[in-house]
Structure formats: structure tokens, C-alpha cells
Amino acid sequence: MSSSAPHETKPSSDPPALDAPHLETSSAMNTGSKAREQHIDPLNVSGAIDEHGNTLAIDYDALREKFGTPALTPAHLERFERVTGKKPHRLMRRKLFFSHRDFDSILDFYEKEGRFLLYTGRGPSSDSMHIGHAVPFLFTKELQDIFDVPLVIMMTDDEKFQFRGAEKKMDPRLFTQFAHANTKDIIALGFDVKKTFIYTDYEFIGGHFLYNISEFETLLTNNQVRGAMGFDGSTNIGCNSYPARQCVAAFASSYPELFGAPDYRPLTNPDFCELFPRQNIADIPTLIPCAIDQEPYFRLVRENCHRMHFPSPKPALILSKFLTALQGPGGKMSASDPTSAIFMSDTPNQIKNKINKYAFSGGRETREEHEKYGGNPDVDVAYTYLSYFLESDEELGEIEDAYRKGTLGTGELKKKCISVLQEFVGAFQERRAKVDDAAMRSFMKPRKLVFQGNPHATQPRKAEIANGEAQAHGEGAGDGKGLTKNQQKKLAKLKEVEERKAKKVQEKEMALRQKEGGADGAVEEGGA
């Protein structure tokens, strides 16, 4: 998700400067307010405003420095290819996913132990996603295919109600409807149902997940949440408490059933909380692909995950830029502004009209100037969209060179962009038409996911999670062969508890029989 092109600007002779578009901001222009810095947090994305009231392109280097996130470097891409044997996704190659936290650690863990959990999400604010929403899911699907690991996708219908819908007096159930529609969109991007779990917060949260929420809430202070989210004292308590939910969604221990554990509820299995080796699940690290505006949420996780009763590793992040709005750098596509975005439900003609009418151009004022000085793909929206959706690096490079030289005009560039987006959205719509409610529910059913991970892991873990299921049910565990010493101890403890329970049942039955026999004897004796 980018508002700047992925390639470095080449030096030119001495043409007039052609910079990012200046988008007039009415508040700044009309009130004479001073320039202000860019503002990025999980709820707001806006570029800086200069002294003339113009919105500037987002400065990602400054944002990375502010958040303290390292750059994703060529060395990371080389390591990625070495570990996976696969070429990095085009969004990584073109620096559109450009920053990270502990991506090295995830590669280390995968190389050694062969698995991790992928986690991403979507805040459903309308019944159709736009292409900006699709970008992180396309990238996540590629990661899932390459690493062959389980994936959870959190549909934050509660968040969208609390942050957007409540003040408009909207029905919270409407956001669950949006979540269902968006879930079908996500499924149509090609995810594997065998290793993907999608859920809405309103419909799923409970059990282990709710235990983790309750515990994590006690680790956060109001000041921490306000600092991360930009809240003040007027923010409702629902918004203040929500971050804990998005934070614990990054813990594998919130989803034990996905790893073969039974669907634990205390009343149905009171011994399970003590006996099931939940810590083994909590030890599984998580990789979160997301836009950089979501980073403050996961800073809270990383600062507190070690304090949980079942500690989890710090989640790793791989962070993207924003897919710029049609009007140009300085903001991102918005579902609330149809002229800012290409929607996944748009017709071919709507896509054509939006690109031709609204897409900011990096071309010159006249054909003569363009042929003489060339265009600037770094600020051209049509070129930016191609950098996300055109697979061939070679073709993209040729388009960039021709545009800079002036041999490729703005109209031709837009025509290419229109063609690529029409093909992408059209293919998506064909798949989307086949996703019905039954298909959606198959992704949303809590169940054991099937994944292989790294078949060449140097120190793969034994299948303690699958064994944990047998332990919890008291079946299939045999004599404990193949288990670790810790698992054998847990198995022995389970057997001991089961034996005590069985003995108590026998004693109760025996006492009951003796009591009944004694009563019968007394009657017979009296009658005699």
C-alpha cells in the first residue's frame, strides 16, 4: 500500500520539477491554519500539510523512524529466498512491504522448528472491499502458500461499530453483515480452507480467547492505550478496551482448537485447564502482515506478551505502505469515498472512468513538454497501481523507463493500468460469485487446521499438540512412547487423576449399594 513508487528516481537533465500533487485541504486553506506534520495512527492516516495548506505525500522514512521499525533490506529478501527456496513476492521486491519487526527471528524459527502462525485482519466498514484492502491479503496468501503454515483472519466488526458506527447510532449487527460480505471477498482471493480460519469478533470470542483478553486487559494502563491510539479522556470505554482484543488475537494460545486441542469450556472438562499442555501452543510465534498504521497495536503486544500466564514470543511484523487514493499521495483509499478507490465490485467501465477521470498523473502539461522532459512515475497513480498488480518486474521497469524518457504518454500509461485492473477485478468477481454461505461457514468453523510447515526444519518439534488432544481425551496415548519427558509426566498425571476419579465413582457406587442393602435388610428383619 504505497503512495510512492517502488523505484528510485533517476536524475534528469534540467526539467522543471514535477513533485507530488498538492491536494488542497479546506480547513488549512480557509482558516489560515499553520502547516502540520503527517499524522498516522490505527484510526487516522493523513499526510503533512505545508504552509500553503497543501497535503504532501506520506514520508515513510520519517514514519519508520518515528515508530522505530527497521527497514526490510535486500539481505532479508536473500535470506527469505534461501530459507523458502522461493522468490520473494513482488510487493517485497518493490519495497511496498518495506519495514518489519523481527522478520529475521521468524525466518530463524521456521528454519529451525518449521512452523509459525500467520495472523492478519480486516475492519469491515462496507459490504465491498477495494483493491487497497485486497493488497495485504494477496501478500498474506502468498506467504501462506510459501511457508505452508496456519492462518487466522480477524474480522473486527466490533471495532468498526465502536469506533465508527456507535456515534452514528448504527446497529452493531450491520457490521457483522459487512464482515460476512468481506469474508466472502477474502475467500475469493484464493485462500486454502484446510489451513485458514476466519472469524468475526462478535461471533467467535469466548473460551481461551476471552481468558487471554481478560488477562491482557489487566496488563494495560489507560495511559498506554491512549499513547498508542491517540485517545483522550472523552473516548468511550469500548474503544479504550478494544486494543486488548486485537492484541491477543496475535497469540496462538487464543486458538488451541486450530492446533488439535478440544474446544475447551470449563464446565465440560474441568481438568483440561490444568492438564492440557497449552504452553506448547503459546510458544508458537506469529507473523503479522499489515499496513504500518496498525503497528501501535502490536507494540502493546510486544511490550506485554512475556507477562501473560502463558507467555508468548513477541509477534513479528512485516509492514506495508498505503495504496494511495486515486487523487494522489497524501492519503489512502477510503471505503467512505467512492471517488478515492477502485472497488472489487466495480464494473470494467467504472474502473476505466475512475482511472481516466480521477487518477493523478505524473505527466507534463503538454505533449511537447512530456516528450522533452519525461514524466514522473514516482507520483503517478496509474504507475503506482501497476507496481502493485503487474507481476513482471521486467515489464514494469520498461514502463518506468519509457515514462521517464517521455516516449510513453499519460494516456498510454492509464490504458495499461485500466487493462491490468480490469483483468484482476474481473477474475476476482468470477471467483466471488461461487462463494456462498456454506463456503463462508466452512472457513469460519473452529477446527484443527492441516499444514506441513518446513519439511526441512533442522530441529522440528515432536507432535506434542496432537498428543495433547489424546491426553485431554484419555485416548490414543498408549504407553507414552515418542513423547517428551514433560509430556510423559503430564500423561502420567492424567492417568493418576483418571484413576482417582474412577476409584471415587466405585466407592460411591459401593456405598450406595451397601446403603440400599442395609435398608432392605432392616425392613425384612422388622417384618419377620
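That block above? That's the structure.
These numbers were taken from a predicted model, which means no experiment stands behind them.

Asker: Lay out the pattern of salt bridges with the relevant residues and their values.
Answerer: For side chains of opposite charge, pairing can occur when their charged atoms come near one another. Enumeration according to the criterion identifies 22 salt bridges in this entry. We note a salt bridge from Arg90 to Glu391, for which the minimum N-O separation is 2.7 Å. With Arg90 in helix H4 (residues 90–93) and Glu391 in the loop between helix H18 (381–389) and helix H19 (393–405), this residue pair connects regions lying 301 residues apart in the sequence. For Glu391, a relative accessible area of 45% gives the class partly exposed. Linked by salt bridges that have partners in common, Lys87, Arg90, Arg93, Arg94, Glu391 and Asp393 make up one network.

Asker: How would you explain unusual backbone geometry if you had to name every residue and give the values?
Answerer: Residues other than glycine seldom take positive phi values, yet Lys95 does so here, at roughly 60 degrees. Of note, Lys95 is situated in the loop between H4 and strand S5 (97–101). Positive phi, close to 60 degrees, is recorded for Asp102, a residue that is not glycine. Examined against the element boundaries, Asp102 turns out to sit in the loop between S5 and helix H5 (103–113). With a relative accessible area of 27%, Asp102 lands in the partly exposed category.

Asker: A description of the packing of helix H7 (residues 157–165) against helix H8 (residues 172–187) should follow, citing residues and the corresponding values.
Answerer: Two elements in contact, H7 and H8, have axes separated by 8 Å at closest approach and are oriented at 130 degrees. Judged on the interaxial angle alone, H8 and H7 are oblique. The interaxial crossing formed by H7 with H8 has right-handed handedness. Across the interface between the two elements, Asp157, Lys160, Phe161 and Gly165 from H7 touch Pro172, Phe175, Thr176 and Ala179 from H8. The residue makeup of the contact of H7 with H8, split by class, is four nonpolar, two polar and two charged.

Asker: Hey, could you go over the side chain of Gln38 for me, with residue numbers and the actual values?
Answerer: By secondary structure assignment, the location of Gln38 is in the loop between helix H1 (26–31) and strand S2 (39–41). In this structure the side chain of Gln38 is engaged in a polar contact, spanning 2.8 Å, whose partner is the backbone nitrogen of Asp59. Filtering out sequence-adjacent residues up to four positions away, Gln38 remains in contact with Ser46, Gly47, Ala48, Ala57, Ile58, Asp59, Ala62 and Leu63.

Rules used throughout
Residues numbered from 1 in each chain as written. Predicted model: local features only at pLDDT ≥ 70, side-chain atom pairs only at ≥ 80, totals over all residues. Heavy atoms only, no water. Salt bridge = Lys/Arg side-chain N within 4 Å of Asp/Glu carboxyl O. Helix = DSSP H or I, 4+ residues; strand = E, 2+ residues; numbered from the N terminus. Buried < 20%, exposed > 50% of the residue type's maximum accessible area, 1.4 Å probe, protein only. Axes fitted to C-alpha atoms, helices over the stretch in contact; angles between N-to-C directions. Parallel < 35°, antiparallel > 145°, perpendicular 65-115°, else oblique. Left-handed = near helix turned anticlockwise from the far one by under 90°. Contact = heavy atoms within 4.5 Å. Nonpolar A, V, L, I, M, F, W, Y, C, P; charged D, E, K, R; others polar. Polar contact = N/O pair within 3.5 Å; in protein donor to acceptor, adjacent residues only side chain to side chain.

Keep in mind that these numbers describe shape and distance, not what the molecule does.
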